[in-house]
Structure formats: structure tokens, C-alpha cells
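A structural walkthrough
Each chain, letter by letter, is given below.
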Amino acid sequence: MIEVRNLVKKYGSHLAVDHLSFVVEKGQIYGFLGPNGAGKSTTMNIMTGYLGATEGEVLVNGHNMLKEPEEAKKLIGYLPEIPPLYTDMTVAEYLAFAAELKKVKRAEISSQTERVMEMVKLTDVRHRLIRNLSKGYKQRVGLAQAVLGFPEIIILDEPTVGLDPKQIIEIRQLIRELAKNHTVILSSHILAEVREVCDYVMIISKGKLVASDTPDHLERLIEGEETLELDVKGSRSQAEGILKEIQGVKEWMFDERGGGLLGVQIQVADHREIREELFYAFAEKRCPIYRMQISKATLEDVFLELTQNEAGDVPEEVIEEQDALDVSGDGKEDADHEGDL
């Protein structure tokens, strides 16, 4: 579907995207994960033709975004982090306008806007001014314009930023529904969101792709040796004597839990299964085990390991470029937020 080749974007001396290459296949939900300032939004802006690249190219179904922009853009629906809304229009007026811009056939504009409003649950607010909608509904309007024309690829930049928990859940459900008929690419710095929604994760750090795989496989990458955590009733000397006799126990640490309980962290070599042996060994010494669980690496552990020492300062020229890209109608955030999702 999309092939990104050796993509580079520079703002003066700042390298925002550093020789980035990847391929997006059809029918999956892809997540761009990375800290703020890692280059996620810049990459998406280049992929959609919103920004030009310093070097490299983007191919959408074989169409070069630079050489065949119209053919490439027809295949993409895009929701920027700040939805491009005209707040003095009603929802229905804005979507009809967006459909015309996307060159939807005049005879199909009414039916398409109705279908999209029903899909993203905007029918009840169709005649309301966009400026009077809550942030959650504004996000839905932005999502609706991205879906208009029913492009094969939907690209969403931070689609749940600033929303309350109920709104976040509903937007995630919408994304899953869209994925039944579209390839979806979304960016986020929220780990739980990527773990919950995405089939495939690409972690970007300092403009570089540092990891690319399914969430489960990424977690297994740094899992290494397995850790067993136990709470037992007994003394350190008793526990140490037992652990010395069990093969597969590499090292251990103790921690006083209080109430007569001893916390034990055990490093297990080569992912050996020793839980049953531990249970009977401690039971034989009359040291009951109150808790036993396996501690595994999470997507958060992967993220922190791969993006540590991320630079947090954003050069002035980057901020100015981002300000220039603000197409949110009146250029400021509306103060009036009526209604809830």
C-alpha cells in the first residue's frame, strides 16, 4: 500500500526525520509510537503530501507522492492532530464542502455525507455549528472528512489527544470499525492506545525507525531471562537453601514484605519451567507460597529501552513550521465546548 524510502526532513540544522524506510501492507492497523518530537507528525505530513521531503520518496500503490500527487492523494484520508475545521459552518455544510474538495461526484455527495455521519455518529449534531461542539465531536467531524470518498488508507495523527476516557473508548471503536474496510495508520505517544488498537507497531526515536513488529513480538525482543516473583512465609536462610537446590535458578533477590512474608525475585535461565518444582520444594520445608507470578516485559519496557535519552528540545524553526501548518479555521482553539460524546 505505502512504501517509504530513505525519507529525510531537515529544518535548518535540525534533522526531524533521519533516513526512514518502511512498508505498510493492506488491511492492518499500524501504530507510529514515539516520544513528543520524535518525528511522527512530520513523517505523516510527508506521507500525505502535506510537507515536502528533503530527501527520499513516498509511494502510494505505486504512485510517487511528489511526481503524481493527485493520484496518490486520492488513496489517502488524513486527520491531522489539529482537525482542519471551518468552525462557522454546520457539520453537514462542512462535510458537503469537504466532499466537493475531494471531487466526490455531485450526485453522490448527499448520500456519502449521510453515510459518513451515521458511521461516526454525527447525525444528531448535523445542523449544529462546529464551533459549538465539544472536542470529542470536533474530532469526529475531522475523522468524518478523512473518511469521505472512502479512500483505501486512513492516516490519523494523535486521534485521541485531549479527549476524556469515554471519548477515547468511542474513537478507538471507530478506528477498529474503519479497519474492516481500510488500512489505518495512527500516531500516538500513548502506549496503552497502541497496545489496544494496533496490529503492528513502528517505534520512532530521533527521526529514526528503531523497532518494527507486532506488540507481542516487540515485548518478547527484550524479555530475555524470565523473572518469577514469589511471596513466601519463611526466613531468608530457608528460602536460600531451597533455591540453591533447584536447577534453572540463576540468581535471586529478597525483599521483606511485612506480616511475616518474604518477597523473592528469581531469575530463571533459558525460560525453564520451574514453578511446580518450586511449589513442592517450599511446601516440603513448610514454607507456604502465598503468591507466585511471572514478570514479563511490557510494551512500556520496550518503548523506554528503545527511546531512552530522547532529546526534548524542539528548535525554533520546527515550531514556526508547525504554526504555519495550522489550518483550523480561525487559528485558535474554541472556548465554547457544549455537550459530551
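Up top is the structure these notes are about.
The text that follows walks through the structure, step by step, so that each part is easy to find. This one's a predicted model, so the numbers in the text were calculated from it and none came from an experiment. (Residues numbered from 1 in each chain as written. Predicted model: local features only at pLDDT ≥ 70, side-chain atom pairs only at ≥ 80, totals over all residues. Heavy atoms only, no water.)

Attention now goes to the packing of aromatic side chains. One pass over the full model with this rule turns up six aromatic pairs. Ring geometry for tyrosine 30 against tyrosine 200: centres 5.4 Å apart, planes inclined by 55°, an arrangement best described as tilted. On the criterion of sequence distance, the pair formed by tyrosine 30 in strand β3 (residues 29–33) and tyrosine 200 in strand β9 (residues 200–205) is long-range, its members being 170 residues apart. By relative accessible area, tyrosine 30 is classed as buried at 3%. Of the residues examined, tyrosine 200 reaches a relative accessible area of 25% and is grouped as partly exposed. For the pair tyrosine 50 and tyrosine 78, a centre-to-centre distance of 6.1 Å together with 70° between the ring planes defines the contact as edge-to-face. Separated by 28 residues along the polypeptide, tyrosine 50 in the loop between α1 (40–47) and β4 (55–60) and tyrosine 78 in strand β6 (residues 76–79) bring together distant segments of the chain. A relative accessible area of 32% means that tyrosine 50 is categorised as partly exposed. A relative accessible area of 13% means that tyrosine 78 is categorised as buried. (Phe/Tyr/Trp six-rings, centres within 6.5 Å; stacked < 30°, edge-to-face > 60°. Helix = DSSP H or I, 4+ residues; strand = E, 2+ residues; numbered from the N terminus. Buried < 20%, exposed > 50% of the residue type's maximum accessible area, 1.4 Å probe, protein only.)

Attention now goes to the pattern of salt bridges. Under the definition given, this model contains 18 salt bridges. Ionic pairing is found between aspartate 18 and lysine 208, a salt bridge with its closest N-O pair at 3.6 Å. With aspartate 18 in strand β2 (residues 14–24) and lysine 208 in strand β10 (residues 208–213), this residue pair connects regions lying 190 residues apart in the sequence. Of the charged contacts, one joins glutamate 114 and arginine 126 as a salt bridge, the two residues approaching to 2.4 Å between their closest N and O atoms. Of the two residues, glutamate 114 is situated in helix α4 (residues 106–119) and arginine 126 in the loop between α4 and α5 (135–147); the sequence distance between them amounts to 12 residues. (Salt bridge = Lys/Arg side-chain N within 4 Å of Asp/Glu carboxyl O.)

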